[in-house]
Amino acid sequence: MRSCKLPSGAEMPVLGLGTWRMGETGRRRAEELDALKYGLDLGYPMIDTAEMYGEGGAEEIVGDALAGRSIRPFIVSKVYPHNASRAGTIAACERSLKRMRLDRIDLYLLHWRGGAPIEETFEAFYKLRNAGKIGDFGVSNFDLDDMEDAAGLDKGLTGTNQVLYCLSRRGPEFDLLPWMRKRSIPLMAYSPLDQGELLRKAPLRKIADEVGCTPAQLALAWLFAQPGVVTIPKSSTRERVKENFAALDVKLPPKILADLDRAFPPPRTKQPLEML
Ligand code: NDP
């Protein structure tokens, strides 16, 4: 599996399983657990979750999916801003670890900026890192000005910035992504299929036919073609988990990348970071 280097030097896989909307109702639990286990069996090397998803329900499903496995994927989770104080971050991390029955989260992110001052959150992240409870730490939904604030702190982030980025939402390419690339901070693209919306767009479907892949595979393969970008599509069905994994094998020649640029043009001006 291809990977990206984090600022700490650790490797982060380019593809993982998203878990938003999992663990919200008991009705779909078996299906969600099955999809995650199936994904891990296929070889997905990373899972993205958060204490917010299903208010802990998604992390519990991740714990069940991991139970009894000898190979553990790279685990990403996130702290709510309202829990992100000095003491609150540590307590939230302990709860996440317990729900997933793990002793370490590989990459722990501030879900969005808003609660405690980021200095406090980062101090707590440092403590957790020194205690071995997290590997690296980062942020999510940070636009360029937020990243500049984070970079100005004594204890700079060692991980990633997870943001909304896909073919139909290319805003980060104008300034955020180049800024991150310059500092060797990979971007983790969430909602790579725009939650399914992107797949209904006629130009994507047409170009996918030409390439000989599905629209979802084309959307993911385009992200893999962007240097310093990793992504985490979510599906609760086996067929789609498999389909998305196979996007790793889809190679996009320059002509197809140019067609995609015409159909989904890159930004020409600054666009405030969108957030779901
Ligand atoms: P995605 O872009 O991954 O799309 C998920 C939706 O697309 C689901 O409805 C899924 O349905 C459907 N889908 C998945 N694969 C296919 C396919 N091959 N063909 C057709 N439909 C498909 O959206 P998400 O918002 O879930 O983003 C991915 C992950 O990113 C989240 O799960 C979460 O982990 C993270 N995230 C982080 C945020 C943040 O603020 N940091 C915000 C949003 C997401 P089904 O399940 O029925 O297959």
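Described below are features of the structure shown in this document. Owing to the predicted nature of the structure, the values given are computational and were not obtained by experimental measurement.

The next point concerns the site of the ligand. In the vicinity of the ligand lie 28 residues, with D48, L193, Q195, K234 and S235 positioned nearest. Side-chain polar atom of S140 to a nitrogen atom of the ligand: 2.8 Å apart, as the coordinates give it. One nitrogen or oxygen atom from the main chain of L193 is found 2.8 Å from an oxygen atom belonging to the ligand. Here the ligand loses 89% of its free accessible area of 900 Å² to cover by the protein chains. The element contributing the most residues to the shell around the ligand is helix α9 (residues 238-245), with three residues. Its residues placed into classes, the shell around the ligand shows nine nonpolar, 13 polar and six charged.

The next point concerns helix α10 (residues 254-263). Every buried residue of α10 is listed here: I256, D259 and L260. All buried residues of α10 fall inside an arc of 100° around its axis, so they share one side. Relative to its buried face, α10 has exposed residues pointing more than 90 degrees away, namely P254 and R262.

This brings us to the nonpolar core. Residues Y108, M147, Y165, L218 and L260 are the most contacted members of the largest nonpolar core, which totals 92 residues. Tallying contributions element by element places helix α8 (residues 215-224) first for this core, with eight residues.

Taken in spatial order, the seven strands line up as β3-β4-β5-β6-β7-β8-β9 in an open sheet, and their pairing is parallel. Looking at which strands have only one partner, the edges of the open sheet turn out to be β3 (46-48) and β9 (229-231). Neighbour to neighbour, the strand axes of the sheet diverge by 30° on average, direction disregarded. Where strand β5 (residues 105-110) lies against strand β6 (residues 134-140), five bridges are found, and the strand directions are parallel. Of the residues in β6, the one forming a bridge with Y108 is F137.

Right, let's talk about the packing of helix α3 (residues 86-100) against helix α4 (residues 118-130) for a bit. The interhelical angle for the contact between α3 and α4, taken along N-to-C directions, is 45°, at an axis separation of 8 Å. By the angle between their directions, the pair α3 and α4 is classed as oblique. Where α3 crosses over α4, the handedness of that crossing is right-handed. Between α3, through R86, T89, I90 and C93, and α4, the contact on the second element is made entirely by E120, T121, E123, A124, F125, K127 and L128. Here the contact of α3 with α4 is built from residues that sort into five nonpolar, two polar and four charged.

Calculation criteria
- Residues numbered from 1 in each chain as written.
- Predicted model: local features only at pLDDT ≥ 70, side-chain atom pairs only at ≥ 80, totals over all residues.
- Heavy atoms only, no water.
- Near = heavy atom within 4 Å.
- Polar contact = N/O pair within 3.5 Å; in protein donor to acceptor, adjacent residues only side chain to side chain.
- Areas by Shrake-Rupley, 256 points an atom, 1.4 Å probe, with all protein chains shown as cover.
- Helix = DSSP H or I, 4+ residues; strand = E, 2+ residues; numbered from the N terminus.
- Nonpolar A, V, L, I, M, F, W, Y, C, P; charged D, E, K, R; others polar.
- Buried < 20%, exposed > 50% of the residue type's maximum accessible area, 1.4 Å probe, protein only.
- Arc of directions from axis to C-beta.
- Core = buried A, V, L, I, M, F, W, Y, C linked by side-chain atoms within 4.5 Å.
- Pairing = 2+ DSSP bridges.
- Axes fitted to C-alpha atoms, helices over the stretch in contact; angles between N-to-C directions.
- Parallel < 35°, antiparallel > 145°, perpendicular 65-115°, else oblique.
- Left-handed = near helix turned anticlockwise from the far one by under 90°.
- Contact = heavy atoms within 4.5 Å.

So, to be careful, I would describe these as geometric facts and stop short of saying anything about function.
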